[in-house]
Amino acid sequence: MMLSEEKVSHLTHVLLKGLMDRDLIALNEEEGVVRREIKRIVNNELKIGEDIDLVVRKKLLSFSKKLVEGSPEWEILYKKFFREEEIKKGRASG
């Protein structure tokens, strides 16, 4: 699910402020530079999630038994295959 530019920007500001308020980071760059890097990372992760979603949906559509999206069986398989794809992409540990 892609987020709007405004939502990603807001999320970026919230993340950076939270990290700084809790003294979890010390900036060596200007805040704008750090926010742009956070935004880039968030957008990349969202893109990877969308790519995984497409792969999983394609896999589910290939079943000879047609699954109804949203059914318990579809949900279980979707989560299972999504997790497998995340592991393949290095987003999660096995």
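Above this text sits the structure in question.
Definitions and cut-offs
Residues numbered from 1 in each chain as written. Predicted model: local features only at pLDDT ≥ 70, side-chain atom pairs only at ≥ 80, totals over all residues. Heavy atoms only, no water. Helix = DSSP H or I, 4+ residues; strand = E, 2+ residues; numbered from the N terminus. Expected span 1.5 Å × (residues − 1). Buried < 20%, exposed > 50% of the residue type's maximum accessible area, 1.4 Å probe, protein only. Phe/Tyr/Trp six-rings, centres within 6.5 Å; stacked < 30°, edge-to-face > 60°. Lys NZ or Arg CZ within 6 Å of the ring centre and 35° of its normal. Patch = residues over 30% accessible without salt bridge, like charges linked within 9 Å, V, L, I, M, F, W, Y side chains within 5 Å. Areas by Shrake-Rupley, 256 points an atom, 1.4 Å probe, with all protein chains shown as cover. Salt bridge = Lys/Arg side-chain N within 4 Å of Asp/Glu carboxyl O.

## Remarks on helix α2 (residues 31–61)
Its 31 residues give α2 an end-to-end C-alpha distance of 45 Å, which sits within 8% of 45 Å, the value for a rise of 1.5 Å per residue. Buried residues of α2: V34, I38, V42, L46, G49, I52, D53, V56 and L60, and no others.

## Points about the packing of aromatic side chains
Inspection of the entire model under this criterion finds 3 aromatic pairs. Between F63 and F81, the aromatic rings sit 6.0 Å apart at their centres with planes inclined by 80 degrees, giving edge-to-face as the arrangement. Within this pair, whereas F63 is found in the loop between α2 and α3 (72–88), its partner F81 is found in helix α3, the two being separated by 18 residues in sequence. Overall, the relative accessible area of 9% leaves F81 in the buried class. Three or more aromatic residues joined by ring pairs form one cluster here, namely W74, Y78 and F82. Sitting over the ring of F81, K59 keeps its end group 4.8 Å from the ring centre.

## Topic: a nonpolar patch on the surface
A cluster of nonpolar residues, L19, L24 and I25, forms a patch on the protein surface that exposes about 240 Å² of accessible area. Mapped onto the elements of the fold, L24 is located in the loop between α1 (5–21) and α2. Relative accessible area serves as the criterion here: at 58%, L24 is assigned to the exposed category.

Shape descriptors only; they carry no functional weight alone.
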